[in-house]
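# Examination of the molecular architecture
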Amino acid sequence: MASATAGARKAPAPRSRKSVTGTRRSVAALFLLPALVLLGALVVYPIGYSVVRSFYDQSGDGFAGIDNYKELFSDDGIRTALKNNIIWVVFAPTVTTALGLIFAVLTERVRWGTAFKLVVFMPMAISMLAAGIIFRLVYDQDPDKGVANAVWVGVHDTFAQSSAFPKAHPGRESPLVARGGGFVTRQTVHTGETVTLPLVGVAPDRMPDGARKAVAPTPDPGKITGTTWQDFTRGKGVGTLGAPDPTELGYAGMRIEAVKDGKVVASATAAGDGTFTLPAKADGAQLRLPASNFKEPYNGLDWLGPSLVTPAIIGSYIWMWAGFAMVLIAAGLAGVPRELLEAARVDGATEWQVFRRVTVPLLAPVLAVVAVTLMINVLKVFDLVFIIAPGSSQDDANVLALELYRKGFSEDQPGVASAIAVFLLLLVIPVMWFNIRRLRREVRR
């Protein structure tokens, strides 16, 4: 009895349970309470309310069942948004991750790699709104404003020079008539004759750099000579119609063709003063100024048109997020054992084989985290599409987040907007779950 009493006295008093850090659970819960309240108010409650609201009609008074969810797959705008979201999820994370991997690997081999990483990562410091405004200007249709078309037109004109006379056309009492996009002489021409081909419609500041003062053609017994020029002198009643005047310029570079029975038998190019000479075989032919002389200047691509607007916006997203992918992949690359890379090289592997069979497999966990994070991000993309896509193409560039905004605020359909929000949440949850599982697996390793 005494020993039992002594044992009872020696038994330690029960201690309050503590967390792994040694802090009492009650104290830890007290410190977590504000965060939990904010989480509930800003995350849990809105999600719950959106789920409930998605089952009600536009007014919020009548129960609509799953009608709002049926509209997700019957409304043309939502179906276009869903299709575009699939394009975003497939291409944007893939291309961004691939570029990040290439940048991370290549910058390891150059002395100025740190500076390059800084430049590539810098767009991350720009808000989506600012990036959208920047790329709205980049994709402007006018090559004098939009960088993309300025480059594209420059490359195009390097190989296919645009005409300097897109607005040129015959004036009063002209010997030329319009035909097939170009102009043809009314009468046939013969050797020893001179031909005048006056045109109007080209502004003086638009004349070619090589244009000089137009001169009248000089007869040549065995050939056909002529002049093509801008038959316009400023001032009322100034100048002679149909004849070169001292202030008028020749159409330098204008192509002239001699046509017989629908076939070109000879051709010439006007000199700086507008003069040209055709051989004797042009005798009896009509002279033609072909349509190639008057084609409109190439204005580039309609980047923000219906067919290219989604790829164009994805390009702006890649510009912003390639730096994010590069930094994370570079951090993973820094942890790759260099002994494995050197061993592969010693065994005779080429740099491409080392990259494909050693570097990429070792970086697979990091690449997966980057790709999955970007997938979550693109599912919610809104700012870039809303800012970059013009009103005429916004329907073609539509995504689920933008359609949610339009249904909820522009079209006053809160039930459908809530259904879109719930649908987006359901799309994001599996990707988040995959990412969390992978992160936990990495921690256990």
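You'll find the structure just up there.
Calculation notes
- Residues numbered from 1 in each chain as written.
- Predicted model: local features only at pLDDT ≥ 70, side-chain atom pairs only at ≥ 80, totals over all residues.
- Heavy atoms only, no water.
- Helix = DSSP H or I, 4+ residues; strand = E, 2+ residues; numbered from the N terminus.
- Rg over C-alpha atoms; globule rule 2.2 N^0.38 Å.
- Buried < 20%, exposed > 50% of the residue type's maximum accessible area, 1.4 Å probe, protein only.
- Lys, Arg positive; Asp, Glu negative; His and termini not counted.
- Charge placed at Lys NZ, Arg CZ, Asp CG, Glu CD.
- Patch = residues over 30% accessible without salt bridge, like charges linked within 9 Å, V, L, I, M, F, W, Y side chains within 5 Å.
- Areas by Shrake-Rupley, 256 points an atom, 1.4 Å probe, with all protein chains shown as cover.
- Salt bridge = Lys/Arg side-chain N within 4 Å of Asp/Glu carboxyl O.
- Core = buried A, V, L, I, M, F, W, Y, C linked by side-chain atoms within 4.5 Å.
- Contact = heavy atoms within 4.5 Å.
- Pairing = 2+ DSSP bridges.
- Axes fitted to C-alpha atoms, helices over the stretch in contact; angles between N-to-C directions.
- Parallel < 35°, antiparallel > 145°, perpendicular 65-115°, else oblique.
- Nonpolar A, V, L, I, M, F, W, Y, C, P; charged D, E, K, R; others polar.

A word on the overall build of the protein chain. Each helix and strand in the protein chain was counted, giving 13 helices and eight strands. Scaling as 2.2 N^0.38, a compact globule of 445 residues should have a C-alpha radius of gyration of about 22 Å, whereas the protein chain reaches 37 Å, well beyond that. In terms of its C-alpha atoms, the protein chain occupies a principal-axis envelope of roughly 145 × 75 × 40 Å. Within the protein chain, buried positions represent 38% of all 445 residues. Positive and negative side-chain charges in the protein chain, numbering 45 and 36 respectively, have mean positions lying 16 Å apart.

On the surface, Arg437, Arg440, Arg441 and Arg444 cluster together into a positively charged patch. One can find arginine 444 in helix 13 (residues 414–444).

Attention now goes to the nonpolar core. In terms of nonpolar packing, the biggest core is built from 47 residues, with Trp88, Tyr139, Ile313 and Tyr317 touching the most fellow members. Elements with a minimum of two residues in this core: helix 4 (76–107), helix 6 (128–138), helix 8 (309–334), helix 9 (338–346), helix 10 (351–379) and helix 11 (383–388). The element best represented in this core is helix 8, accounting for 14 residues. Aside from chain neighbours lying at most four places away, what touches tyrosine 317 is Trp88, Ala92, Thr96, Met128, Leu374, Asn377, Val378 and Leu384. Among the nonpolar cores identified, the runner-up in size contains 27 residues, and Met207, Leu278, Leu289 and Phe294 belong to it.

Sheet strands associate in pairs through backbone hydrogen bonding, adopting either a parallel or an antiparallel arrangement. Overall, antiparallel pairing links the five strands, which are arranged 1-2-8-5-6 in an open sheet. Both outer strands of the open sheet, strand 1 (176–179) and strand 6 (263–269), are each paired with one neighbouring strand and no more. Here the strands of the sheet are splayed against their neighbours by 30° on average, with no regard to which way each runs. Pairing of strand 1 with strand 2 (residues 182–185) involves four bridges; the strand directions are antiparallel. In the sheet register, leucine 176 faces strand 2, and the bridge partner there is threonine 185.

A few words on the pattern of salt bridges. When the charged atoms of two side chains with opposite charge come close together, those side chains can pair. Summed over all chains, the structure comprises eleven salt bridges. Notably, a salt bridge pairs aspartate 76 with arginine 79, separated by 2.6 Å at the nearest N-O pair. You can see aspartate 76 and its partner arginine 79 sitting in helix 4, three residues apart, about one turn around the helix. Residue aspartate 76 is classed as exposed on the basis of its relative accessible area of 53%. For glutamate 351, the salt bridge identified is with arginine 345, shortest N-O distance 2.8 Å. Glutamate 351 sits in the partly exposed class, given a relative accessible area of 39%. When salt bridges with common partners are traced through the structure, they connect Asp75, Glu403, Lys407 and Glu411 into a single cluster.

Our focus in this paragraph is the packing of helix 4 against helix 12 (residues 400–410). Interaxial distance between helix 4 and helix 12 falls to 8 Å at its minimum, and their mutual angle equals 155°. One element, helix 4, and the other, helix 12, form an angle in the roughly antiparallel class. Together, Gly77, Ile78, Ala81, Leu82 and Asn85 of helix 4 and Leu400, Glu403 and Lys407 of helix 12 make up the contact between the two elements. In terms of residue class, the contact of helix 4 with helix 12 is made up of four nonpolar, two polar and two charged.

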